[in-house]
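# Tertiary structure, described
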Amino acid sequence: MFSSYFLRILRGGVPFLLLPALACADEKTPPKSWVDPDTGHRVIRVTDDPGSSSLYFNINTYTPDGKQMIYTTPDRGIGVIDLTSLKARPLVKGPVGGGPGAVVVGHKSPVVYYFKGKENDPQYASLWKADINTGKQQKIADLPRRSGVFSINADETLGAGSYIVGDGEDYNGRQAGQIAHKNTVTEPLNKKEKMARRFAAKLPMIIFTVDLHNGQIKPVFASTDWIDHLQFSPSDPTLLMYAHQGAWQQVDKLWTIRTDGSENTHIDQRIMQMEGSGHQWWDKSGKNIWYDLHMPLGVNSFVAGYNVENGSRTWFHYEPQQASIHFNLSSDGKLFAGDGSNAPDAKWIYLFHPKLVKDDHTLGKNLIRPGYFVAEHLVNMAHHNYHLEPNVSFTPDNRYVIFRSDMFGPTYVFAVEVKKHNEGTD
C-alpha cells in the first residue's frame, strides 16, 4: 500500500487527468507521472523496467544535439531515452560497464563508449562503442589488465583510464570484468572500511590514454596513491582532471594534467584542518571545475568553483539541511541541483538559485568570490533509501532534472520539471 505521501498525490496533489493512471498504481506498478504535493513540481517516471538506472552525476550521458540520453538497463546493458517524448528503448545488451565513467557519451558524435569485461576473467577489459542512432557496435581496443575509470576527450580522439599494477585488492571491484556480472548500483554497506583498506594499500597505478582510432595505449602518469574519477574537459581535448581517493581530509584531492603528462596541477590546496573536498565535475563550457567543499568537514559547506583558465574561485554557501551527496549545474550555468542526503531534513531533490554577494571595492588580490544558494524543493525523497545515490543532472535544455530512485522499491529513472506545474513551460 502507498504511504500517506502517495495517498496525498492521489487525493488532490495532481491534475484530474493523471488520476486514472495513479488510481490503479500499486507497489508493482508505480505511477507514471504526478505533481509532488509538497513542491508543486511534476515528476515523471521515465523508465518502465525495475532495476533501470541513470548514471553517475558527472558522466556525460547526453547526445551532442541534446535530444537523447543513455541509461543502464536491468541486465547492466545500455538503453536510450528520447528526451522529447521521454520514451526509453534498449541499445546494448549487458553486461557492460564497471563503475563510474565506464559508460559515457561522446561530446562530438552520438556514440556511447563502454567497457566490456569477462565474467570468467575479472582482470580483462575492452573498450567498445555503439552508434546511438543505428545501434551499430564496434570494438576499439583491448585495454591494460585491471583497467577502470574511463573518460572520452572533447574531440573523441582519446580515451583515458587507469589500472592497478599487480594483484592488490581494489575497492569494490571497480574494474570492468570484476563487476560486469553484478546487477547493483548501490554503495557497499562497509564502504568506509573498504575505502580505508584500499587507501592504505598504496597500490601502484598508471593513468593511460587510448587512441580511439588505432587502439594505441600510452602511459600518462604513475603513482602509488589511489587515483580515480578521471574526467576530460568537455572543451579542451588535452586537459584531464583526476582525483585522489580516500578520506577527504587525508588526501590532496583534485588535480589536472595534460595528456602528455605535463602541467600536473593540484587545484584545491587546503588552508584549514579537517577541510575536505570532492564530488567534482566540469561545467558545460569546460572553463570551470566545481566541487563540494567543507571548511571544516561537517561544519561549513560550499559548492566551490575553480576556473582553469585564470585560477579564479567562486564559493556558494549552502545550509546543513541542503546537504546533498552530489551537486550539478545546468548547461547555461544559471542553476544548480542537489540530490539530498541522510542529513536531517535533507531528503529532497533540490533546485538551487545561486546568488553572489555584491563586492564593494574589497582590498586584496585574487580573492574568492562569495555567494550562497537559495534553495527550492523539487521532489520529496522521504521514501528513497540513500544507500542508493540519486545522482542528479540537468537535461541539456534545462527543462528537467534527471535522477534515479528506489522510492517505489526497485530503481527507476525519473525526471522532474524545473518549472512548477502551474508555471507552464516555454
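Residues numbered from 1 in each chain as written. Predicted model: local features only at pLDDT ≥ 70, side-chain atom pairs only at ≥ 80, totals over all residues. Heavy atoms only, no water.

## A few points about the overall build of the protein
The helix and strand tally for the protein stands at four helices and 28 strands. A total of 426 residues make up the protein; the buried ones form 56% of that total. For the protein, contacts bridging at least 24 residues in sequence account for 49% of all contacts bridging at least 6. When the accessible surface of the protein is split by element, carbon and sulfur atoms take 51% of a total near 18900 Å². (Helix = DSSP H or I, 4+ residues; strand = E, 2+ residues; numbered from the N terminus. Buried < 20%, exposed > 50% of the residue type's maximum accessible area, 1.4 Å probe, protein only. Contact = heavy atoms within 4.5 Å. Areas by Shrake-Rupley, 256 points an atom, 1.4 Å probe, with all protein chains shown as cover.)

## Concerning the pattern of salt bridges
In total, this model carries ten salt bridges according to the counting rule given. Where K32 meets D48, a salt bridge forms, and the shortest distance between an N and an O atom there is 3.1 Å. One end of the pair, K32, is in the loop between α2 (19–23) and β1 (33–35); the other, D48, is in the loop between β2 (42–45) and β3 (68–72), and 16 residues separate them in sequence. By relative accessible area, K32 is classed as partly exposed at 31%. Here E263 and R258 are joined by a salt bridge, their closest N and O atoms 3.4 Å apart. (Salt bridge = Lys/Arg side-chain N within 4 Å of Asp/Glu carboxyl O.)

## Quick look at the nonpolar core
When a protein is soluble and globular, its nonpolar side chains tend to lie buried together. I78, V112, Y114 and F336 are the most contacted members of the largest nonpolar core, which has 46 residues in total. With five residues, the top contributor of residues to this core is strand β7 (residues 111–118). In terms of nonpolar packing, the next biggest core, distinct from the first, is built from 21 residues, V43, A337, L378 and F403 among them. (Core = buried A, V, L, I, M, F, W, Y, C linked by side-chain atoms within 4.5 Å.)

## Comments concerning the side chain of E156
Looking at where E156 falls in the secondary structure, it is placed in the loop between β10 (147–152) and β11 (158–164). Although E156 is buried, it forms no salt bridge, and the closest oppositely charged side chain is K108 at an N-O distance of 7.0 Å. (Lys, Arg positive; Asp, Glu negative; His and termini not counted.)

## Describing the sheet that holds strand β27 (residues 400–405)
The strand order β1-β2-β28-β27-β26 describes an open sheet built from five strands, whose pairing is antiparallel. Edge positions in the sheet fall to β1 and β26 (393–394), since each of these pairs with one other strand and no more. The pairing of β1 with β2 spans three bridges and is classified as antiparallel. Its bridge partner lying in β2, V35 is registered against R42. (Pairing = 2+ DSSP bridges.)

## Regarding the pairing of strand β24 (residues 348–356)
Of the strand pairs in this sheet, strand β23 (residues 336–338) and β24 are connected by three bridges, and their pairing is antiparallel. Residue pairing in the sheet places G338 in a bridge with Y350 of β24. The pairing of β24 with strand β25 (residues 369–380) spans nine bridges and is classified as antiparallel. Within β25, the position partnered with H353 by the bridge is V374.

## Things to note about the sheet that holds strand β22 (residues 327–329)
On the basis of which strands lie adjacent, the open sheet formed by eight strands has the order β18-β19-β20-β21-β25-β24-β23-β22 and mixed pairing. Each edge of the open sheet is held by one strand with a lone partner, namely β18 (276–282) and β22. Pairs of neighbouring strands in the sheet enclose a mean axial angle of 30°, with direction left out of account. Relative to β25, strand β21 (residues 313–318) runs parallel, the two being bridged by four bridges. Residue pairing across strands places H317 opposite Y372, the latter belonging to β25. (Axes fitted to C-alpha atoms, helices over the stretch in contact; angles between N-to-C directions.)

## With respect to the confidence of the model for the protein
On average, residues of the protein score 89 in pLDDT, and 87% of them reach the 70 mark or higher. Under a pLDDT of 50 for its full length, residues 12–26 has, in the predicted model, 25 contacts with residues more than four places off or in other chains. Confidence drops under pLDDT 50 across residues 176–183; counting only partners more than four residues distant or on other chains, this segment forms 26 contacts. (pLDDT = per-residue confidence, 0-100.)

## Quick look at unusual backbone geometry
With omega at 5°, the peptide bond leading from G94 into P95 counts as cis. Checked against the element boundaries, P95 lands in the loop between β5 (87–92) and β6 (103–105). Here the residue pair M295 and P296 is connected by a cis peptide bond, since its omega of -10° sits within 30 degrees of zero. Following the sequence through the fold, P296 ends up in the loop between β19 (288–294) and β20 (301–307). Phi angles above zero are rare outside glycine, and R76 is one such case at about 65°. Along the chain, R76 falls in the loop between β3 and β4 (78–82). For H279, which is not a glycine, the phi torsion comes out positive at approximately 50°. Mapped onto the elements, H279 comes out in strand β18. Owing to a relative accessible area of 22%, H279 belongs among the partly exposed residues under this scheme.

## Quick notes on the environment of R76
Among the residues examined, R76 registers a relative accessible area of 15% and is labelled buried. Sequence spacing of R76 and G94 is 18 residues, and the spatial spacing of their C-alpha atoms is 4.7 Å.

## Re the environment of A415
With respect to the helices and strands, A415 occurs in strand β28 (residues 412–417). Here the alpha-carbon distance between A415 and R45, two residues 370 residues apart in the chain, equals 6.5 Å.

## Quick word on the pairing of β11
In terms of burial, β11 is a largely internal element, six of the seven residues being buried. Count of turn residues in the β10/β11 antiparallel hairpin: five residues, of which E156 carries a positive phi of about 55°. As defined by bridge partners, β11 adjoins strand β12 (residues 205–211) across seven bridges and the pair is classed as antiparallel. Of the residues in β12, the one forming a bridge with S162 is I207.

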